[in-house]
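Observations on the three-dimensional arrangement
Listed here are the chains, written in short residue letters.
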Amino acid sequence: MSTQSNHSETLKSFRASLFAEGILHEGDTVGTDDETLLRFLRARKFDLPHAKKMFKECQNWRKTAGGVGVDELYKRTDPFDYPEREAVFDCWPLWFHKTDKQGRPLNVHVFGGMDLTKLYKVCTPERHWETMIVNAECLTREILPASSQAAGRPIGTTFVIVDLKGFGLGAFWQMKSLVRSSFQMSQDYYPETMGQLAIINAPSSFTIIWNAIRPWVSKETAQKVDVLGSDYKDVLLALIDAENLPSFLGGTCKCSEEGGCALSGAGPWQEGRVGWGPKAEVKEKAS
């Protein structure tokens, strides 16, 4: 039997087992589609018991995250429009922006602009963590489904760009704990969603930073990382159309009318919303 056939049979068994044991129910917002279940299977190398354990732990976390659960957090906080959004994006720049040539959404992190001391003067650490949960949830709930629809085929991963310009050891030690928690949340509860990671403007101190981060990162994730210096523009433009890449990263996009690329939320996931970005309102979808 081929590997593909084996995987197909394992997927069927996985789905049946999850439903039979009450771990998964129709309508669960974690997702009941094949692509979602396959992400958990891939993360555990199609080992059924381990994948089931991972899925169960994810469901338990989803019920308790932030003290109220992921679904309640998502009702309270629109990832494209919440009161602290501009302050969060100013001090902890992390945002989705258009897609690469494969149709994968871009996820941009600008570490050099991170300032938790400044952020926590206007936003509590607990509230900041809630926004990070909502941002992570947005990827599988809105970003990837919309990207798949736009591409006309399943898009299950994102292209992450981490800009380390101006980022040093002092800033890293300040945010180390939060970065670790973020890595853990992504790998444990949103597995196999990162297709590629490009680290640009890596400083001379990056070796120390990477050695600290590496133990938190799975072997599979580490293999998807490309560490680039300041000569990265041609590499990114080979993978991303210039009109989709923010200008500060070497592209031509500025999203001037939407408050800049960081706040615009530009991408196929904006279809169905009135306007763009932080003041967008969700349209009722036609039944």
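Keep in mind that this is a model prediction, so the values were computed, not measured.

Taken domain by domain, the protein holds domain 1 (1-63) and domain 2 (78-268). In this complex, domain 1 contributes 12 residues to the contact, which on the side of domain 2 involves 15 residues. In this assembly, domain 1 packs against domain 2 so that about 1100 Å² is buried in total across both faces, 59% of it on carbon and sulfur atoms. In this structure, the connection of domain 1 to domain 2 is made through 1 salt bridge. In this structure, Arg 62 engages Glu 137 in a salt bridge whose closest nitrogen and oxygen atoms are separated by 2.8 Å. Looking at the side of domain 1 that touches domain 2 residue by residue, the classes come out as 5 nonpolar, 1 polar and 6 charged.

Here the UniProt-annotated "domain: CRAL-TRIO" (unreviewed entry) positions come out as residues 84-257. For residues 84-257, helix accounts for 45% and strand for 16%, while the C-alpha atoms at its two ends are 21 Å apart.

In this section: unusual backbone geometry. If you check the backbone angles, Phe 46 has positive phi at about 60° while not being a glycine. Assessed through its relative accessible area of 18%, Phe 46 is described here as buried. Positive phi outside glycine occurs at Asn 201, with the angle close to 55°. Considering the arrangement of structural elements, one finds Asn 201 in the loop between strand S4 (194-200) and helix H9 (206-213).

Read from one edge to the other, the open sheet built from 5 strands follows the order S1-S2-S3-S4-S5, with strand pairing classed as mixed. In this open sheet, the two strands that pair with only one neighbour each are strand S1 (94-99) and strand S5 (225-227). In this sheet, neighbouring strand axes are inclined to one another by 20° on average, regardless of whether the strands run parallel or antiparallel. Each of S1, strand S2 (105-110) and strand S3 (158-163) touches helix H7 (residues 125-151); the most contacted strand, S1, lies at about 5° to it.

Before going further, it helps to spend a moment on the pairing of S3. With 6 of 6 residues buried, S3 lies mostly within the body of the structure. Along S3, one buried face is formed by Thr 158, Val 160 and Val 162 and the opposite face, lined by Phe 159, Ile 161 and Asp 163, is buried too. Note that S2 and S3 share 5 bridges and pair parallel. When the sheet's bridge partners are listed, Val 108 is paired in S3 with Ile 161.

Rules used throughout
Residues numbered from 1 in each chain as written. Predicted model: local features only at pLDDT ≥ 70, side-chain atom pairs only at ≥ 80, totals over all residues. Heavy atoms only, no water. Domains from an automatic or database assignment. Contact = heavy atoms within 4.5 Å. Buried area = accessible area lost by both parts, 1.4 Å probe. Salt bridge = Lys/Arg side-chain N within 4 Å of Asp/Glu carboxyl O. Nonpolar A, V, L, I, M, F, W, Y, C, P; charged D, E, K, R; others polar. UniProt positions renumbered as here; feature names shortened; annotations may be inferred. Helix = DSSP H or I, 4+ residues; strand = E, 2+ residues; numbered from the N terminus. Buried < 20%, exposed > 50% of the residue type's maximum accessible area, 1.4 Å probe, protein only. Pairing = 2+ DSSP bridges. Axes fitted to C-alpha atoms, helices over the stretch in contact; angles between N-to-C directions.

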